[in-house]
Amino acid sequence: MKFSFELAVNAKKEDAWVYYSQVDQWFVWEGDLEQIALDGAFTTGQKGKMKLEGMPELAFTLVEVRENQCFSDVTATPFGNVLFEHEILENPAGGISLRHSVSLTDGDMTEDALAFLKQIFDDVPESVEKLKQTLETA
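Analysis parameters
Residues numbered from 1 in each chain as written. Predicted model: local features only at pLDDT ≥ 70, side-chain atom pairs only at ≥ 80, totals over all residues. Heavy atoms only, no water. Core = buried A, V, L, I, M, F, W, Y, C linked by side-chain atoms within 4.5 Å. Buried < 20%, exposed > 50% of the residue type's maximum accessible area, 1.4 Å probe, protein only. Contact = heavy atoms within 4.5 Å. Phe/Tyr/Trp six-rings, centres within 6.5 Å; stacked < 30°, edge-to-face > 60°. Helix = DSSP H or I, 4+ residues; strand = E, 2+ residues; numbered from the N terminus. Expected span 1.5 Å × (residues − 1). Arc of directions from axis to C-beta.

Draft legend 1. Structural detail: the nonpolar core. With 36 residues, the main nonpolar core has Tyr20, Trp26, Phe42, Met50, Phe71, Leu98 and Leu135 as its most contacted residues. With sequence-adjacent residues up to four places away left out, tyrosine 20 is seen in contact with Trp26, Trp29, Phe42, Phe71, His86, Glu87, Ile88, Leu98, His100 and Leu131.

Draft legend 2. Representation of the packing of aromatic side chains within the structure. Counted under the stated rule, the structure contains 10 aromatic pairs. Between the aromatic rings of tryptophan 17 and phenylalanine 42, the centroid separation amounts to 5.8 Å while the plane-to-plane angle is 75°, which identifies the pairing as edge-to-face. A residue pair is termed long-range when its members are at least 10 positions apart, and tryptophan 17 in helix H1 (residues 13-21) and phenylalanine 42 in the loop between strand S2 (33-38) and strand S3 (47-52) qualify at 25 residues. Ring centres of tryptophan 26 and phenylalanine 71 lie 5.5 Å apart, and the angle between their planes is 25°; on these two criteria the pair is classed as stacked. Residue tryptophan 26 is found in helix H2 (residues 26-29), and its partner phenylalanine 71 is found in strand S5 (residues 70-77); the two are separated by 45 residues along the sequence. Phenylalanine 71 shares its class with tryptophan 26; the two are buried. Among the aromatic side chains, those forming a connected cluster through ring pairs are Trp17, Tyr20, Trp26, Trp29, Phe42, Phe60 and Phe71.

Draft legend 3. Spatial organisation of helix H4 (residues 124-137). An ideal rise of 1.5 Å per residue puts 20 Å on 14 residues; H4 measures up with 20 Å between its terminal C-alpha atoms. Those residues of H4 that sit buried are Val124, Ser127, Val128, Leu131, Lys132 and Leu135. With its buried residues spanning 140° around the axis, H4 presents them on a single face. Those residues of H4 that are buried lie in contact with strand S1 (2-9), H1, H2, strand S7 (96-104) and helix H3 (111-121).

As structure tokens, then:
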């Protein structure tokens, strides 16, 4: 199961990429982020750790990084691996769209797993909106 939220933004993909590729910029758009650290460069395969409000520290791995296009990271949870996808899509009429998705890539889709995934996704629209506002007022 996958949940996605997409929003058109009047900005350049290179400007949006700064807020993705520099993890210290995640604080701008990720409201419940308390700490984040990456073990090295923002590249495919790199590992890191993050702390969200009310959650234990979580390890994550960047499973795909394509400059000015997208990045995905995966985090192991008791319900299975949760994949977070962040895409920058060019709009034919100009500007870009930002699409953030959350999915459970393995494990059983039980009622508890679905509730967990929904809870994770709850903050996604607000995060994308914060990023849109930041980019459009820069």
